[in-house]
Amino acid sequence: MSVDLTKLPNPCYVLDEVKFIQNMEKLKYVQDASGAKILCALKGFAMWSTFPIMKKYLSGCTASSLFESRLCFEEMGRDSHACAVIYQENEINDYIKYNSHLTFNSISQWDALKGKVLKNKKKVKCALRINPEYSDVDTAIYNPCAPGSRLGITAEHMPKHLPKGITGLHFHALCESNSDSLERVLEAVEAKFGHLLHEADWVNFGGGHHITREDYDTDLLIELIRNFKENYKVEVFLEPGEAIGWKTGFLLAKVDDIVEANKEKTVIMNVSFTCHMPDCLEMPYKPAVRGASIAKKAKHVYTFGGPTCLSGDFIKGFGFDNALKVGDTLIFEDMMHYTFVKTTMFNGVNHPAIGILKSNGKFKSVRSFGYEDYKGRMS
Ligand SMILES: Cc1ncc(COP(=O)(O)O)c(C=O)c1O
C-alpha cells in the first residue's frame, strides 16, 4: 500500500521502516560474520522510537555526551559506550551509571578522573582514544587525524604500556569510508600502537564505516576484523552513525513561494538548509530531490532557499521538466542521519515533525513541534 505523501504532516522527516530494517539486517550480518559488536553512534542517528527494532539487531549505542548515554540507558535499556572529548568531574559518576565502557580522549583526562572511576562499585571498562595520524578523509572538518587534531592521543604522547585501569583502545579516523580505507588506517594503527594492541582486551574501530552503502565491501571488512581479533586476541567494536540511517527516509517539504532576481528563480520552501539539513552547507553537498534532474539539461531550473534570514541558506541548480508552483510537495532524499540530531530553531522557524512509514504501509506520527519547544530553549 502506498501512502499519499500530500496527506502527511509537512514539513516532516519520514523514516521508511522497511529500509531501516534492511540496514539493520546488513549490520547484523556483519556483526555475526565478523564477531565484532556494532553500536549505533547516537551523534548521527538518535531516533529513539526505533530502539525497539534496533536492539533486536545491534549490540547497543555509543554516546558522545551524558545526554546520549542516558538516552541509550533509559530508552534502549542497555548500558551505552561513551567516547567524549571531556568528562566533567561532577558528571563522571552519572557516566559510570549509564555506561559499560568509557573512552578517554587524553592522558590528563584519565589521570584526573581515574580515582573516581576505579573507586566506583560499578566496574566500567576504560580505553584511551588514540590518533593514528592517518586518514583518507578529504573534507577538513570531518578529518579527526589532521595535524594538530585535539581528538585522540598521538603515538608520541602515549606511554610505553597501557596505564593501570586501561584495558582498551579506541580510534576514529573514517568518514563515509569503504573498508579499503579501514585497511589503511589499521596499518597505521598497528605500525604506531602495535605493542599496546597486544596489551589490550578490546579495541573500538570508531565510526565512518559506510557499511549499508551499496558498493561497500563487507567481505573485506569481515576479513579485517577477523584477522585483527585473531592477531591481538581482542574484542572489536564498530560505532557507525551514518550507516544506521543511510537512505532510510526523507524530509518532506513544500514550495511556499517562488521569487525571481537577475533571471534566477528561487523556490522559498517551508524547510531550511541551515536549520534542517545543515550538512548540505557544512560539508557541503547538494541533496537529491525526488523528480529533480541535472539542472543544465532541464527545462525549469530553480535555486532552493530556506525561509530564514541567512543569505547563504540556499542551494542552486535543481532542474525539473514541469514548472514548480506554490503548494507543490518536495522530497529531500536520505535525510535521516545527521539531520534532526543537529537541527536548530534559528529565526524561530518551526522544526519539521518526525514520523515513520511503517512496514504495514501506514504512517505513524512520532513527534510534532511548536512554539513551546522554541520558547523552552530560550530564557
Ligand atoms: C568517535 C566517533 N565515533 C563514531 C562516529 C560516527 O561516525 P559516522 O556517523 O561517520 O559513522 C563519530 C563521528 O564523528 C565519532 O567522532
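Just above, that's the structure.
Residues numbered from 1 in each chain as written. Predicted model: local features only at pLDDT ≥ 70, side-chain atom pairs only at ≥ 80, totals over all residues. Heavy atoms only, no water.

Novice: Which residues make up the overall build of the protein chain, and what values go with them?
Specialist: When helices and strands are tallied, the protein chain shows 11 helices and 17 strands. Across the 379 residues in the protein chain, those meeting the buried criterion constitute 52%. Of all intrachain contacts in the protein chain linking residues separated by at least 6 positions in sequence, the fraction that spans at least 24 positions is 69%. Of the roughly 17900 Å² of accessible surface on the protein chain, a fraction of 51% belongs to carbon and sulfur atoms. Between the mean site of the 46 positive side-chain charges and the mean site of the 46 negative ones, the protein chain shows a separation of 4 Å. (Helix = DSSP H or I, 4+ residues; strand = E, 2+ residues; numbered from the N terminus. Buried < 20%, exposed > 50% of the residue type's maximum accessible area, 1.4 Å probe, protein only. Contact = heavy atoms within 4.5 Å. Areas by Shrake-Rupley, 256 points an atom, 1.4 Å probe, with all protein chains shown as cover. Lys, Arg positive; Asp, Glu negative; His and termini not counted. Charge placed at Lys NZ, Arg CZ, Asp CG, Glu CD.)

Novice: Quick one: what's the story with the pattern of salt bridges, residue by residue and with numbers?
Specialist: Evaluation of the coordinates by the stated rule reveals 20 salt bridges. Arg70 is paired through a salt bridge with Glu74; the nearest N and O atoms lie 2.8 Å apart. In this pair, Arg70 and Glu74 both sit in helix H3 (residues 66-76), 4 residues apart, roughly one turn of the helix. On the basis of relative accessibility, which here comes to 41%, the residue Arg70 falls in the partly exposed class. Classification of Glu74 as partly exposed rests on a relative accessible area of 44%. Here Lys233 ties to Glu230 by a salt bridge, and the two come within 3.5 Å at their closest N and O atoms. Taken individually, Lys233 and Glu230 each receive the classification exposed, so the pair is uniform in this respect. Among the charged side chains, a salt-bridge network with shared partners connects Asp136, Asp180 and Arg184. (Salt bridge = Lys/Arg side-chain N within 4 Å of Asp/Glu carboxyl O.)

Novice: Any details on the sheet that holds strand E4 (residues 80-83)? Residues and values, ideally.
Specialist: The strand order around the closed barrel built from 8 strands is E2-E3-E4-E5-E6-E7-E8-E9, with neighbouring strands paired in parallel fashion. Neighbour to neighbour, the strand axes of the sheet diverge by 30° on average, direction disregarded. Judged from the 3 bridges that link them, strand E2 (residues 37-41) and strand E3 (residues 60-63) form a sheet pairing that is parallel. Pairing of Cys40 across the sheet is with Cys61, part of E3. Seen against the sheet, helix H7 (residues 218-232) touches strand E8 (202-204) and strand E9 (235-238) and runs at an angle of roughly 145° to E9. (Pairing = 2+ DSSP bridges. Axes fitted to C-alpha atoms, helices over the stretch in contact; angles between N-to-C directions.)

Novice: Hey, could you go over unusual backbone geometry for me, with residue numbers and the actual values?
Specialist: Omega for the bond connecting Asn10 with Pro11 falls within 30 degrees of zero, at 10°, which places this linkage in the cis form. Here Met283 and Pro284 are connected by a cis peptide whose omega angle stands at -15°. Positionally, Pro284 belongs in the loop between helix H10 (278-282) and strand E12 (293-294). Of note, the phi angle at Glu176 is positive, near 50°, even though the residue is not glycine. On the basis of relative accessible area, Glu176 is assigned to the partly exposed category, the value being 35%. Look at Lys263: it is not a glycine, yet its phi comes out positive at around 65°.

Novice: Describe the nonpolar core, and please don't skip the residues or the numbers.
Specialist: Counting 94 residues, the largest nonpolar core has Met54, Phe205, Phe304 and Phe332 as the members making the most contacts within it. If you count residues domain by domain, this core takes at least three from each of domain 1 (5-13 + 249-335 + 343-376) and domain 2 (35-245). Leaving out residues up to four positions away in the same chain, Met54 has contacts with Phe20, Met24, Cys40, Phe45, Met76 and Ile244. (Core = buried A, V, L, I, M, F, W, Y, C linked by side-chain atoms within 4.5 Å. Domains from an automatic or database assignment.)

Novice: Could you give me a rundown of the environment of Met24, with the residues and numbers involved?
Specialist: Along the chain, the position of Met24 falls in helix H1 (residues 17-34). Among residues more than four places away in sequence, those in contact with Met24 are Met54, Tyr57, Leu58 and Ile244.

Novice: Now, about the site of the ligand: what can you tell me, with residues and values included?
Specialist: Contacts to the ligand come from Ala41, Lys43, Arg129, His170, His172, Gly207, Gly208, Glu239, Pro240, Gly241, Glu242 and Tyr338. Residue Gly208 places a main-chain N or O atom 2.7 Å away from an oxygen atom belonging to the ligand. A distance of 2.8 Å separates an oxygen atom of the ligand from a polar atom in the backbone of Gly241. When the ligand is considered free in solution it has 400 Å² of accessible area, and contact with the protein chains removes 86% of it. (Near = heavy atom within 4 Å. Polar contact = N/O pair within 3.5 Å; in protein donor to acceptor, adjacent residues only side chain to side chain.)

Novice: Tell me about a negative patch on the surface, and name the residues and values.
Specialist: A cluster of acidic side chains, namely Glu183, Glu187, Asp217, Asp219 and Glu223, defines a negative patch on the protein surface. At the level of elements, helix H6 (179-197) and H7 are the ones that each hand at least two residues to the negative patch. Within the fold, Glu223 resides in helix H7. (Patch = residues over 30% accessible without salt bridge, like charges linked within 9 Å, V, L, I, M, F, W, Y side chains within 5 Å.)

Novice: Lay out the environment of Phe273 in plain terms, naming residues and giving numbers.
Specialist: Secondary-structure assignment places Phe273 in helix H9 (residues 273-276). In the structure, Phe273 is positioned 11 residues away from Asn262 in sequence and 22 Å away in space, judged by C-alpha atoms. Residues within four places of Phe273 in sequence aside, it is in contact with Pro278, Cys280, Leu281, Pro287, Phe304, Gly305, Asp313, Phe314, Ile315 and Phe332.

Novice: Could you give me a rundown of the environment of Ala353, with the residues and numbers involved?
Specialist: In this structure, Ala353 sits in strand E16 (residues 353-357). On a C-alpha basis, the gap between Ala353 and Pro11 in space is 6.3 Å, while along the polypeptide they are 342 residues apart. Excluding its chain neighbours within four sequence positions, the residues that come into contact with Ala353 are Pro9, Pro11, Cys12, Tyr13, Arg367, Ser368 and Phe369.

Any functional reading would require information beyond the geometric quantities listed.
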